Amino acid sequence: MELNGRVVVVTGGTRGVGAGIARSFTEAGAEVVVCARRPPEVPLPKARFVPLDVRDADAVRHFFAELPRLDVLVNNAGGAPYRLLADAGPERHVRVMELNLLAPLTVSLAAHAHLKRTRGSIVMIGSVSGGRPSPGTAAYGAAKAGLENLARSMAVEWAPDVRVNTLVVGMVRTERSPLHYGDEEGIAAVSRTVPLGRLAEPSDVGAAAVFLASDAAAYISGASLLVHGGGERPAFLDAATVNKEA
């Protein structure tokens, strides 16, 4: 799955999952441009940083107009703080949806002409939160559900020139994991709820993104690839009083 000579843009690629994706593409031989509002705290070898707020449509259009070539776009920028629906006004929830759904649409539209010329591809970074209840991050979950549907529609509208796929990502161990899961004991306890027994590493997501962008996935478009370690063990199995050996 070598990507020598291909140009890849990773939004939100300066830390966490995004940085892992960027590293995977550089290791595959691609020329990688990462964009975010702030530069990376830890330099990303072989990747070029460009400051960009993906919610600013004019800035996004200018960024892609100045880019000489593009083969792969990874819409990774996103996220949300823990916030129960009734604890915040609608404006705050709208901002979460803007970042996680409208911004990827804005970026993809700005990149479309480049990708059509190179017969490139888009990889959306989705979330398991888009397919199940997401208490505390409901607006985020709704946005990720919309993102997956958007990718399927793009895959049909922009075929055969541009392939569009989604990585549906589960829990990932990053520098921000303690904010979500607590200390090492908490992370270990959460890891035990995953069938594969651990949280994903950013490199796991990166490897899947490289696959979808590569020629090995040349006939894959409109797909959603689960990267979640087998999902979540159903709670009723632990609550039941029979078949405990399962």
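This text goes with the structure placed above it.
Quick summary incoming for the structure in this document. (Residues numbered from 1 in each chain as written. Predicted model: local features only at pLDDT ≥ 70, side-chain atom pairs only at ≥ 80, totals over all residues. Heavy atoms only, no water.)

## Things to note about helix H4 (residues 138-157)
Next, step 1: Taking 1.5 Å as the rise per residue, H4 with 20 residues should run 28 Å; its terminal C-alpha atoms sit 29 Å apart, in good agreement.
Next, step 2: Burial in H4 covers these residues: Ala139, Tyr140, Gly141, Ala143, Lys144, Leu147, Glu148, Leu150, Ala151, Met154 and Ala155.
Next, step 3: Buried residues along H4 sit in contact with helix H3 (90-118), strand S5 (121-127), strand S6 (163-169) and strand S7 (224-227). (Helix = DSSP H or I, 4+ residues; strand = E, 2+ residues; numbered from the N terminus. Expected span 1.5 Å × (residues − 1). Buried < 20%, exposed > 50% of the residue type's maximum accessible area, 1.4 Å probe, protein only. Contact = heavy atoms within 4.5 Å.)

## Some thoughts on the pattern of salt bridges
Next, step 1: Tallying each qualifying case throughout the model produces 10 salt bridges.
Next, step 2: For the salt bridge of Asp71 with Arg69, the shortest nitrogen-to-oxygen distance reads 2.7 Å.
Next, step 3: Classification of Asp71 by relative accessible area gives buried; the value is 6%.
Next, step 4: Residue Arg69 is classed as partly exposed on the basis of its relative accessible area, which comes to 40%.
Next, step 5: A salt bridge links Asp204 to Arg198; its shortest N-O distance comes to 2.9 Å. (Salt bridge = Lys/Arg side-chain N within 4 Å of Asp/Glu carboxyl O.)

## Section: the packing of helix H1 (residues 16-27) against helix H7 (residues 202-213)
Geometrically, a packed helix pair is captured by the angle between its two axes and the distance between the axes.
Next, step 1: The geometry of H1 relative to H7 is characterised by a closest axis approach of 7 Å and an angle of 50° between their N-to-C directions. Put simply, H1 runs oblique to H7. As for the relative orientation of H1 and H7, their crossing is right-handed in sense. For the pair H1 and H7, contact is made by Gly16, Val17, Gly20, Ile21, Ser24 and Phe25 and by Pro202, Ser203, Val205, Gly206, Ala207, Ala209, Val210 and Ala213, respectively.
Next, step 2: For the contact of H1 with H7, the per-class residue count stands at nine nonpolar, five polar and no charged. (Axes fitted to C-alpha atoms, helices over the stretch in contact; angles between N-to-C directions. Parallel < 35°, antiparallel > 145°, perpendicular 65-115°, else oblique. Left-handed = near helix turned anticlockwise from the far one by under 90°. Nonpolar A, V, L, I, M, F, W, Y, C, P; charged D, E, K, R; others polar.)

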